[in-house]
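Spelled out, the chains give:
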Amino acid sequence: MNSLLLSCFCFLMSLNVMAQKLTLKGLVTSQNEPVENITVKILGFNRTTKSDISGNYQFNNLPSGNYDLVFSGIGYQSKKVKVALQRDTTTIITALLSLSSNLNDVVITGVNRATELRKSPVPIAVISRKSMDQNVNTNLIEAIVKGVPGVTAVTTGPNVSKPFIRGLGYNRVLTLYDGLRQEGQQWGDEHGIEVDEYAITRAEVVKGPASLTYGSDALAGVINMIPYTPTIGNGELKGDFTANYQSNNGLVGSSIGLAYHKNDWKYTFRATGKTAHNYKNKVDGLVYGTAFREYSLSAAARVDKTWGFSKTAVTYYDNLMEIPDGSRDSLSRKFTRQVLDDGDDIKNRPIVPESDLNSYAINPLHQHIQHFRFYNTSQFKFGTSDLNILIGGQQSVRREYNHPTLPGQAGLYVVLNTFNYDFKYNLPDYAGIESTVGVNGMYQGNRSKAATDFPIPDYDLFDIGAFYFAKKSMGKIDISGGLRLDRRNIRWDDFYVGNDPKTGFGKQVSATDGTGQLQFPSFSKNYYGLSGSLGFTYNISEKLLIKANIARGYRAPNITEIGSNGLDPGAHIVYLGNRTFKPEFNLQEDIGIIAYLKDADISLELFNNNIQNYIYQSRLTDANGNPVVIVPGNLTYQYQQSKARLYGAEVSVNLHPGTIKWLSFSNSLAYIVGLNQNQELLNKYGREAKYLPFIPPLQVRTEIKATAQKPIGIFAQPYIKIDAAFFGDQDKFYALDNTETFTAGYTLVNGGIGSTLRSRKGKTFCDIFLQADNIFNVAYQSNLNRLKYFEYYNQSPNGRSGIYNMGRNFSFKVIVPI
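Residues numbered from 1 in each chain as written. Predicted model: local features only at pLDDT ≥ 70, side-chain atom pairs only at ≥ 80, totals over all residues. Heavy atoms only, no water.

Asker: What should I look at first to understand the overall build of the protein chain in this one?
Answerer: When you go through the protein chain residue by residue, the secondary structure sums to seven helices and 47 strands. Computed over C-alpha atoms, the radius of gyration of the protein chain comes to 29 Å, within 12% of the 28 Å expected from 2.2 N^0.38 for 818 residues, which places it in the range of a compact globule. Referenced to the eigenvectors of the C-alpha coordinate spread, the extents of the protein chain come out at roughly 125 × 65 × 50 Å. Counting the 818 residues in the protein chain, one finds 56% classified as buried. (Helix = DSSP H or I, 4+ residues; strand = E, 2+ residues; numbered from the N terminus. Rg over C-alpha atoms; globule rule 2.2 N^0.38 Å. Buried < 20%, exposed > 50% of the residue type's maximum accessible area, 1.4 Å probe, protein only.)

The following block contains the structure:
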């Protein structure tokens, strides 16, 4: 009887244990640091969770027993762990190994959520702060151009670079700052991106239509400039001080950044200043009107909680930049300057004194560009889904002073206010499908202030778009795609311009004034766009994959293309728009092969891009073929619209022999052809109208670099490198009305050395970079250099025309940790 009672008791106890619900807790780390957003899955059960900001996760209400846990996350090797769950609460610590291949770089641009590079079928390139520091750069876009094949820039001196991706630029390339679209009169030729180059730690470049995620203006691609976010311990204050000097234009730049971490909060701050006098080359000497002075401030605060994160940031950018016009003395070829308004003769101006050419002082004819930005980006987690919200406001203030007799009077004075919104909801995974729905857009208002020239009207713009994006992995194949619908409304009222009797210049007047002329008749129109993409990545192996993608992009005409009718003083161009233009649509096919082998990284990317309603600039001429001059000393351009096609290839071969670890040999090639398919012009003018404007020539870049694998005294990982950039002849140009001319090819040789300086105890003193661009001081003109066409004589004594690019330039940069 006793034995029977004992057996029943044991049986009941075992049932109680089996029915008891237990808890499994865990911590995920990598290199002794907690890792968030790691997916933890219990095999055989429909139970999944993710690690939080502290690397912690938890499963509740589990029966006792043995479990298999699988840990996976972007940028980390997956890991399987066996766990025996017997007591009330069990805690385990799991360490993951990071993936070293560049294919496993995590990107956040052009995708619905953070994604490994290998899983995105869209061509995406990444350039790090380290790569930027190891090149001589006069601005941020130049740094990206040197690091990403297929990206080029239209320049107006060393401080102005407008990014182009595969032959397309201006409002076809969307630039982002920390995910917020950059709005600052980007249609203009004569000012660059209003971003502090020292504040950017990484840039991601989408090469191809990204309208699915971003709507209009991402027809050619996206450049996302990502600011520094600290990874420091609680209670730590860290920072850096950067100083840079460049010999050619005497550029002096300095920047200080600070970061502080307290509990759940992280704070960052940065202040930057740069100034330079006129740049020089051996043909033109010092190029008058290219000096600049730039200041930037930024600050951010971020809080991380179990529910997600929220980051609020503010930036301020201020740039004083001279306006070059290229006027010269006909015999000496020395630069001259404008001193009169009425009666000015561009071929009979006084020569600029040598003292003014070397001066850091900004001359009276200059631009003043200011940009303010305030935004918040937040993520709210709901189990296995999350909501991402980005709200931002920005103001661009642009003044161009072009009146020498009244230097305080702005010729152009426009204020652009923009409110951006972006809502994305990442749905819970369903049947292995990761999907996102989203709505984003902006509201804009542009107003002219106390100006004398009015190239564009005062307009209002409202933009909204909704999209669905999904991706799924099936064995070795990753598939992604989606659809988007956009609507943009742009409108303005009648805009009258009259004469100011006090100054003799133009001014905005009301309709009831009676003295003004109607320069911009009222306008209102809606533009609609349907865009989408579909692509796949086939992982032949961990190191070899094939990518293919087809995407339809959309772009509504920008304000100058449909509304311009006047002089832009900084560009020295009278723009004439066409309000009947239709939206641009393109269909681009991409295919790529990427191999990350033991001793080499190899990639081949091919693309074909057909564009409907392509809009481009062409010089306006009269019936006799002579240039139309509306404002003396300024060119006149009229926008055209037609079909177009661009196709090309990018090849990269980077060698890093495993047996010679100190040596790397990097090579890239980019080739683009842009065809104008305006059949009427082709039938009438033939080859002169065959090609599109601003298409870069064949480009080949090669670099050989030696990096010490062991410290040499205080020098940690010192390197020495030499590189060459070859640019072929550009004989495929838009020659109609002399819009473009033939550009001869050239080769630039550059070099550099650098190192981290450390004490014997491993403390870093600083990073130093000594570099030289254009070592042999080659005189050259890029076909994307707008100054090439700043010429007012048919012939010159030295046989040269226009202004040449920068000559030899030595750079010294030091970065000191704080």
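That covers the picture; the talk isn't over yet.
Asker: Looking at this model, I keep getting lost on the environment of Leu331. Mind explaining?
Answerer: Tracing the backbone through its elements, the reader meets Leu331 in the loop between strand 25 (308–322) and helix 5 (354–357). C-alpha of Leu331 to C-alpha of Gln182: the two residues are 149 residues apart in sequence and 44 Å apart in space.

Asker: I'm lost on the pattern of salt bridges in this one. Help?
Answerer: Pairs can form between side chains of opposite charge whenever their charged atoms are close. By the definition in use, this model includes 36 salt bridges. Between Lys305 and Asp264 there is a salt bridge, and its shortest N-O distance comes to 2.6 Å. Linking Lys305 in strand 24 (residues 292–305) with Asp264 in the loop between strand 20 (251–262) and strand 21 (265–276), this pair joins segments that are 41 residues apart in sequence. Taking relative accessible area as the criterion, Lys305 reaches 32% and is therefore assigned partly exposed. One network of salt bridges, in which partners are shared, links Arg166, Lys207, Asp590, Glu605 and Glu650. (Salt bridge = Lys/Arg side-chain N within 4 Å of Asp/Glu carboxyl O.)

Asker: Looking at this model, I keep getting lost on empty space enclosed by the protein. Mind explaining?
Answerer: For the structure on display, the rule yields 14 cavities of 30 Å³ or more. In this model, the largest cavity occupies a volume close to 670 Å³. Residue lining of the largest cavity: 34 residues in total, with Glu142, Lys146, Thr155, Tyr780 and Asn805 positioned closest to the centre. At the level of elements, helix 3 (140–147), strand 12 (151–155), strand 43 (699–707), strand 44 (715–727) and strand 45 (746–758) are the ones that each hand at least two residues to the lining of the largest cavity. (1 Å grid on protein atoms, 1.4 Å probe; cavity = no way out; pocket = protein on both sides within 12 Å on 5 of 7 lines; lining within 4 Å. Points joined across faces, edges and corners; volume = space filled by probe spheres on them.)

Asker: Help me out: how do you make sense of helix 3 in this one?
Answerer: Given 3.6 residues per turn, any residue in an α-helix points the same way as the ones three and four places further on. Those residues of helix 3 that fall on the buried side of the exposure criterion are Leu140, Ile141, Ala143, Ile144 and Val145. For helix 3, the capping residue at the N-terminal end is Asn139, with a side-chain oxygen 3.2 Å from the backbone nitrogen of Ile141. (Polar contact = N/O pair within 3.5 Å; in protein donor to acceptor, adjacent residues only side chain to side chain.)

Asker: Mind showing me how you'd approach unusual backbone geometry here?
Answerer: Excluding glycine, a negative phi dihedral is what most residues carry, and trans is how most peptide bonds are arranged. In this structure, Asp217 takes a positive phi of about 85 degrees despite not being glycine. Tracing the chain through its elements places Asp217 in the loop between helix 4 (211–214) and strand 18 (221–227). In the Ramachandran plot, Gln717 falls in the positive-phi region, its phi being about 50 degrees despite a non-glycine side chain. Accessibility expressed as a relative area gives 53% for Gln717, which makes it exposed.

Asker: Quick question: what am I supposed to make of the sheet that holds strand 6 (residues 65–73) here?
Answerer: Where strands meet in a sheet, backbone hydrogen bonds hold them as pairs that are either parallel or antiparallel. Spatial strand order, 4-3-6-7: four strands in an open sheet with antiparallel pairing. With partners counted over all chains shown, the strands left at the sheet margins are strand 4 (47–50) and strand 7 (76–85), one partner each. Looking at each pair of strands side by side, their axes are set apart by 20 degrees on average, direction ignored. Of the pairings in the sheet, the one linking strand 3 (residues 39–42) to strand 6 comprises four bridges and is antiparallel in character. Residue pairing in the sheet places Thr39 in a bridge with Ser72 of strand 6. (Pairing = 2+ DSSP bridges. Axes fitted to C-alpha atoms, helices over the stretch in contact; angles between N-to-C directions.)

Asker: Explain the side chain of Ser811 to me, please; I cannot follow it from the model alone.
Answerer: Position of Ser811 relative to the elements: it lies in strand 47 (residues 809–817). Excluding anything up to four places from it in sequence, Ser811 contacts Val136, Asn244, Tyr245, Gln246, Phe769, Leu770 and Gln771. (Contact = heavy atoms within 4.5 Å.)

Asker: Before we go on, may I ask you to explain the environment of Asn609 in this structure?
Answerer: Looking at the secondary structure, you find Asn609 in strand 40 (residues 600–619). On the basis of relative accessibility, which here comes to 2%, the residue Asn609 falls in the buried class. Distance in space between the C-alpha atoms of Asn609 and Gly208 is 8.9 Å, their sequence separation being 401 residues. Look past the residues within four positions of Asn609 in its chain and what remains in contact with it is Leu168, Asn586, Leu587, Gln588, Ala644, Arg645 and Leu646. Within the structure, the side chain of Asn609 is placed 3.0 Å from the side chain of Asn586, a separation counted as a polar contact. Side-chain polar atoms of Asn609 contact the side chain of Gln588, separated by 3.2 Å.

Asker: How should the pairing of strand 17 (residues 200–207) be read in this particular structure?
Answerer: Looking along a regular strand, one sees side chains alternate from face to face of the sheet. Taking burial as the measure, the eight residues of strand 17 include six buried ones, the bulk of the element. Note: strand 11 (residues 124–128) against strand 17, five bridges, orientation antiparallel. Bridge assignment links Ile124 to a residue of strand 17, and that residue is Val206. As defined by bridge partners, strand 17 adjoins strand 18 across seven bridges and the pair is classed as antiparallel. When the bridges of strand 18 are listed, Lys207 appears paired with Gly221.

Asker: In this structure, what is going on with the nonpolar core? I would like to understand it.
Answerer: Here is a general trend for soluble globular proteins: nonpolar side chains tend to be buried in one another's company. Judged by nonpolar contacts, the single largest core of 41 residues is most densely connected at Ile144, Val205 and Leu646. For this core, the secondary structure elements donating two or more residues are strand 11, helix 3, strand 12, strand 15 (173–177), strand 17, strand 18, strand 40 and strand 41 (635–655). Element by element, the count of residues in this core is highest for helix 3, at five residues. Every residue in contact with Val205, bar those within four places of it in the chain, is listed here: Pro123, Ile124, Ala125, Ile144, Val148, Val151, Ile165, Val222 and Ile223. Val397, Ile490, Phe581 and Tyr639 belong to the second-largest nonpolar core, a separate cluster that totals 31 residues. (Core = buried A, V, L, I, M, F, W, Y, C linked by side-chain atoms within 4.5 Å.)

Asker: Help me understand the sheet that holds strand 18 in this model?
Answerer: Sheet architecture is open: five strands sit in the order 11-17-18-15-16, paired in mixed fashion. Both outer strands of the open sheet, strand 11 and strand 16 (180–181), are each paired with one neighbouring strand and no more.

Asker: Could you clarify how one ought to interpret the environment of Pro455 in this entry?
Answerer: Mapped onto the fold, Pro455 is located in the loop between strand 29 (433–448) and strand 30 (459–474). Overall, Pro455 belongs to the buried group, its relative accessible area being 1%. In sequence terms Pro455 and Gln182 are 273 residues apart; their C-alpha atoms lie 21 Å from each other. With near-sequence residues (within four places) excluded, Pro455 lies in contact with Leu412, Phe520, Gly563, Ser564, Asn565, Gly566, Leu567 and Asp568.

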